[in-house]
Every structure is written in C-alpha cells, then in structure tokens.
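Below, each chain spelled out in residue letters.
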Amino acid sequence: VTSPCKILKCNSEFWAATSGSHHLGTEEVPEFCTALRAYAHCTRRTARTCRGDLAYHSAVHGIDDLMGQHNCSKDGPTSQPRLRTLPPGDSQERSDSPEICHYEKSFHKHSAAPNYTHCGLFGDPHLRTFTDTFQTCKVQGAWPLIDNNYLNVQVTNTPVLPGSTATATSKLTIIFKSFQECVDQKVYQAEMDELPAAFVDGSKNGGDKHGANSLKITEKVSGQHIEIQAKYIGTTIVVRQVGRYLTFAVRMPEEVVNAVEDRDSQGLYLCLRGCPLNQQIDFQTIRSAQATEGRARRKGPSLPVPPEAFTYETATAKCREKLPVEDLYFQSCVFDLLTTGDVNFMLAAYYAFEDVKMLHSNKDKLHLYERTRDLAPGNAAPSQIPSALWVALLCLSQFWLCFL
C-alpha cells in the first residue's frame, strides 16, 4: 500500500532546487522565492490526500514562515531554478554549541551518567517498550510510539496481505520540537520505498541555531538505513527499510522518556505503556490458529495464502540462520514467516536485534524470553531457569501422557 500523499516528493523537489540557498546572497532571493512558490503549489496539489499528515501540515506552515522571512510574494513564477549547491562539507557545522545543547554536559555535568532506555518496533509488528516488555500487536492504522515534551513519533501500520490480520509499518513520522537556542522544529518522515536522508524541509541538521551539532541525520546505507543523533536530549534513533517495510529503534534517557506534562494522557504512548490489551496478540493462540488455518487450506483455500509457504520447521530453520539464540526475536521471526511468507521479516528481526545490541545500555538484557508456559516444543528456555525444574516438568508431562 503506497500513500497517496505526495508531500515527500514536494519536499525533495524543493530541496533539490534550493540546496544551500539559506547561505546565498540577497541577489538570489528572487530565485529562492520562485522555488518557494513552486513548493507551495506542489503542496496544494496534494492537499486533498494529505489530511491529517503531520509532515504535510509542517511543510505548509514552514512555507508561510519562509515566505515572510524573505518577503516573498505568493504571486509570481513557479518554475524551480537549480541554484548552486554548497561546497563539500556542512557549512552549518559549529564548534561553539552551548552546553545546554548537549544532554550529558548540561543535565548531568555534576552527577552520575544518565540511565538510558530502549524501544523498538519491527516486523508484524513487534514492540519492545522502554521497560523491556515485549509484545506482538495488531495496531493497524496510525499509532503514537513516543509523545513527550521533546519529540513525537507516530507510525502507520498497514496489512501485509489483502484480507490478512498481519500488519507492518509502512509510514513513520518524527517531530523534534523546537528547543531553546539548540534546534528549530524539525520533521522527519519515511514511508514504503522512501527513506530520506533529510528532514522534510530538506535540511540534514537542526537549523540555524546551534542545531548543526545538536541534531543531525546520517545516512548509513542509501535507502535502507539512517541514524538521527539528537544530542540535546541524549537520543539516538535508527530507522531502517527492510524489504518494503520500516523498523524503528531508539535510545533515550529515562529523564526524557518521562518528560510529559500530563501522564494521564499518555495511555496510547506505545513505547512507554505498551499496546492496549485489545491490540495485543498472544503467540500461543496464533500458533494454534496457524495450525487450524493450515488444515483449512488442505481442504480448500479460504484464507489469504502467503506468497511463500513456510512450515513451522522450515521457518525455524530459516530464522536460525540469522538468530541462533531462541529468544523472542527468534520467535518473532518464526511467527512472521508463518503469517506473511516474506523472508524479509527474518531480516527485520535480525536488524532489530542488532539495533538492540548497539542501543541498549544493559548488555545483560539484550535477549528476552517468553514465560515457561508460552514456550512451544523445542524452544530454548531462559538461562536463569534451573535445569532441575525443566527435568521435573518433563517428567510430569510424560506422567500425564500415560493417562491420555
């Protein structure tokens, strides 16, 4: 499913026309105004399909502000000129960034290092919250992942197959709120087959304040992997496109995580509170449903069939290629292969765990496991459960089998 809202196209065209224009002399302001009018015209063409799109509304407000700053008339030519680009290197870089724009230097100068937390979303979709709770959720449509005093993150999940309950993240919007003399408000948006290495206004950092050092986007792999460093709030965000869908991972100080004005209104803040109970999916229940669905297909296909059919055994073998430890990332991989038939979901689980290894501050909590009662036959158990207990459980299960 591709979004009909073409705001990303408008943004990229404006960026291509005005790269480096905020450093141009006054003699080139008319050309900048021409590009702005073209930008405005593009947003008007896509307005009908962009209702409720945060990036669209941010772009519209940004155009008005820029027109006011440069005394641009709304009437005039709209052909986009190609202005000269910046020389190699980022001329916005500054070395005089104040301490308040560097989280560790400002908030924790005379105290212990901040306690960092991690949240991630990947696959069909699987959520690891800031408290290391792991959930598999439905959450179709638009949902807030993060909503605090410094930034908002919203994801949109769409069905993987027509008529299927399997969903994956097809769109991601991140809003960095304006913060003192450090950064201007910046919006980042990605969607299927569109992973930009810039904010929606075409910039790659936090603006003309001290934002060049305080907020910055780095492209790790073109079209596949970007990283956003928000030093003023001690936050690192990783966004990937794996196959057709997006994954999200963040490392954030607890102080920033809990910086909300009204905690009672944060009930749908997924990274903090998790998915609502009516949106959560139980692994064990789904496995039974998958077995029933498989029998139904043998009698006659009545349900959507994934493009590549995996059995539990072949899905397990495939996931072991990238995820040798049978933790919840491994189980998620198996689950996704069974529900979607798309091998890219194996890579999504793999990269999600790679991001955990990079972003999680407690290396003893990288792996997460299901509770004992939820483990399917053959799955590894948490290492902290005594082996004697497993022997006792095995004996007990064999004892009851004698009476069945």
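About the cut-offs
Residues numbered from 1 in each chain as written. Predicted model: local features only at pLDDT ≥ 70, side-chain atom pairs only at ≥ 80, totals over all residues. Heavy atoms only, no water. UniProt positions renumbered as here; feature names shortened; annotations may be inferred. Helix = DSSP H or I, 4+ residues; strand = E, 2+ residues; numbered from the N terminus. Buried < 20%, exposed > 50% of the residue type's maximum accessible area, 1.4 Å probe, protein only. Contact = heavy atoms within 4.5 Å. Pairing = 2+ DSSP bridges. Disulfide = S-S within 2.5 Å. Phe/Tyr/Trp six-rings, centres within 6.5 Å; stacked < 30°, edge-to-face > 60°. Expected span 1.5 Å × (residues − 1). Axes fitted to C-alpha atoms, helices over the stretch in contact; angles between N-to-C directions. Polar contact = N/O pair within 3.5 Å; in protein donor to acceptor, adjacent residues only side chain to side chain.

The protein chain is annotated in an unreviewed UniProt entry as Repulsive guidance molecule A from Calypte anna. The UniProt entry for the protein chain carries the following comment under Sequence similarities (unreviewed entry): "Belongs to the repulsive guidance molecule (RGM) family." Taken from UniProt, the Subcellular location (unreviewed entry) comment for the protein chain reads in full: "Cell membrane".

**Looking at the environment of cysteine 10**
Residue position: cysteine 10 is located in helix α1 (residues 7-18). The exposure class assigned to cysteine 10 is buried, which follows from its relative accessible area of 1%. Separated by 29 residues in sequence, cysteine 10 and tyrosine 39 place their C-alpha atoms 6.2 Å apart. The residues touching cysteine 10, leaving out its near neighbours within four places in the chain, are Tyr39, Cys42, Thr43 and Thr46.

**Regarding the sheet that holds strand β1 (residues 116-122)**
One open sheet accounts for eight strands, arranged β8-β9-β10-β11-β1-β2-β3-β12; its pairing is antiparallel. Single-partner strands in this sheet number two, and they are β8 (215-221) and β12 (280-281). Here two bridges tie strand β3 (residues 134-137) to β12, and the two strands are oriented antiparallel to one another. If you follow threonine 136 over to β12, its bridge partner there is isoleucine 281.

**Concerning the state of the cysteines**
The final tally for this structure, using the stated rule, is seven disulfides. What pairs with cysteine 101 in a disulfide is cysteine 182, and their sulfur atoms sit 2.1 Å apart. Torsion about the S-S bond of the cysteine 101 and cysteine 182 cystine: about -95°, corresponding to left-handed handedness. Taken together, the residues span a long stretch of sequence, with cysteine 101 in the loop between α3 (54-69) and α4 (103-106) and cysteine 182 in the loop between β6 (167-176) and β7 (186-191) at a distance of 81 residues.

**Regarding the packing of aromatic side chains**
Following the criterion strictly, the structure yields nine aromatic pairs and no others. Centre to centre, the rings of phenylalanine 134 and tyrosine 329 are 5.5 Å apart; their planes meet at 75°, and the pair counts as edge-to-face. Here tyrosine 329 lies in helix α10 (residues 328-340) and phenylalanine 134 lies in strand β3, a separation of 195 residues in the sequence. Accessibility assignment for this pair places phenylalanine 134 and tyrosine 329 in one class, buried. With centroids separated by 6.1 Å and ring planes inclined at 80°, the aromatic side chains of phenylalanine 176 and phenylalanine 199 adopt a geometry described as edge-to-face. Taken together, the positions of phenylalanine 176 in strand β6 and phenylalanine 199 in the loop between β7 and α5 (211-214) put the pair 23 residues apart, joining distant regions of the chain.

**A short note on helix α11 (residues 344-359)**
An α-helix turns once every 3.6 residues. As a result, residues three or four positions apart point the same way. For α11, which comprises 16 residues, the first-to-last C-alpha distance of 22 Å matches the rise-based estimate of 22 Å (1.5 Å per residue) to within 8%. Along α11, the residues that are buried comprise Phe345, Met346, Ala348, Ala349, Ala352, Phe353, Asp355, Val356 and Leu359.

**Overview of the sheet that holds β7**
Spatially, four strands are ordered β4-β5-β6-β7 in an open sheet, and the strand pairing comes out antiparallel. Each having just a single partner strand, β4 (141-147) and β7 make up the two edges of the open sheet. Ignoring strand direction, the axes of neighbouring strands in this sheet form an average angle of 20°. Here nine bridges tie strand β5 (residues 151-159) to β6, and the two strands are oriented antiparallel to one another. Paired with threonine 156 across the strands is lysine 171, a residue of β6.

**Examining the side chain of aspartate 132**
Among the secondary structure elements, aspartate 132 is positioned in the loop between β2 (126-128) and β3. Polar contacts involving the side chain of aspartate 132 include one to the side chain of arginine 128, which spans 3.0 Å. Look past the residues within four positions of aspartate 132 in its chain and what remains in contact with it is His360, Lys365 and Leu368.

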